[in-house]
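# Breakdown of the fold
Residues per chain, in single letters:
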Amino acid sequence: MTDSCLLRRLGLFLELTEDERAFIDTIEDSPRPMSRGDLLVPKGDNARQLFVLKWGWAVVVAREVTGRRAILRVYLPGEVIGFAEIGSFVAPHDIVMLTDGVVCPFPRASLGDIYDRAPRLSALLTALGSTEQVILRELLLAVGRMPAEDRLILFLLTLIDRLSVTGVERSSRFHLPMSQAEIGDTLSLTPVYVSRLLTRLRTQGTLEMADRHVRMPDRAALERRVGYAPMATRIDTSWFPAARVEPASNGRTGPRSTAPDPAGRA
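A quick note: this is a predicted structure, and the numbers were derived from the prediction, not measured. (Residues numbered from 1 in each chain as written. Predicted model: local features only at pLDDT ≥ 70, side-chain atom pairs only at ≥ 80, totals over all residues. Heavy atoms only, no water.)

### Things to note about empty space enclosed by the protein
Rolled over the atoms, a probe as big as a water molecule pinpoints where empty space is left. Applying the stated criterion across every chain yields a total of four cavities of 30 Å³ or more. Computed from the structure, the largest cavity encloses a volume of approximately 130 Å³. Taken together, 16 residues form the lining of the largest cavity, with Leu6, Arg9, Val80, Phe83 and Leu125 sitting closest to its centre. Where the lining of the largest cavity is concerned, the elements lending two or more residues are helix H1 (5-11), helix H2 (18-27), helix H3 (109-117) and helix H4 (119-145). Counting residues per element, the lining of the largest cavity draws most heavily on H4, at four residues. Of the residues in the lining of the largest cavity, the class split is eleven nonpolar, one polar and four charged. (1 Å grid on protein atoms, 1.4 Å probe; cavity = no way out; pocket = protein on both sides within 12 Å on 5 of 7 lines; lining within 4 Å. Points joined across faces, edges and corners; volume = space filled by probe spheres on them. Helix = DSSP H or I, 4+ residues; strand = E, 2+ residues; numbered from the N terminus. Nonpolar A, V, L, I, M, F, W, Y, C, P; charged D, E, K, R; others polar.)

### Digging into the environment of histidine 213
With respect to the helices and strands, the residue histidine 213 is situated in strand E11 (residues 213-215). Residues histidine 213 and aspartate 19, 194 residues apart in the sequence, show an inter-C-alpha distance of 38 Å. Here aspartate 211 takes part through its backbone oxygen, which lies 3.0 Å from a polar atom of the side chain of histidine 213. (Polar contact = N/O pair within 3.5 Å; in protein donor to acceptor, adjacent residues only side chain to side chain.)

### Concerning helix H6 (residues 180-187)
Here H6 lies mainly inside the structure; six of its eight residues are buried. What H6 keeps buried is the set Glu182, Ile183, Gly184, Asp185, Thr186 and Leu187. Buried residues belonging to H6 abut strand E5 (69-75), H4, helix H5 (148-165) and helix H7 (191-204). (Buried < 20%, exposed > 50% of the residue type's maximum accessible area, 1.4 Å probe, protein only. Contact = heavy atoms within 4.5 Å.)

Dropping the structure here:
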């Protein structure tokens, strides 16, 4: 059994049993290396697979009628790609690797096994998905209502909060592999404006940046400034059922698998 960002993420909220860890471990038994720019899920594709992002970053991309790109979501290590789209027959947007990385594909049908045989794990995955939607809602509000400088600060705070869940980052300094254009596509700002904002924040001493790393000298002050309350590390587990993993009828501990898509797509 190997450790992983997903196991570390889940283990932050629950003391996982050996059976639960083994169950999750089987989901990550087929790692697939990816390169920056690889199209992981094409828009309109039959969404048969989900992916654990073992390491690296990925983004959900949409194109406006004008051709301008918008980044709707950023996926970080340990997160499950495709969980938000499980109610759709086809993928509503492209999902693209933002960096080199590794993903572990698993069939959508495996979610049925998790809900059926490992109810505590399914409750945790559901709660994490709910929290992710709340974080996205707050960012959407910021894009629509906040000044551009505060919008950028809030976005950086959400990233470091989410990265801390899996232990990828544990301080106020973190690696930011996004270009100014990609940040702009996320916050509905032009690359030139993002450049000006970053320069201003560095000059003020609000941010320190070097080699694609960002440091917040006074993170608490920034959280107060934009009214940010860390959410990624706060999950209500009081309603979760007791831990159990029912054995599969074929004797396997983990979820059932299906034949992989020859094209390697969702």
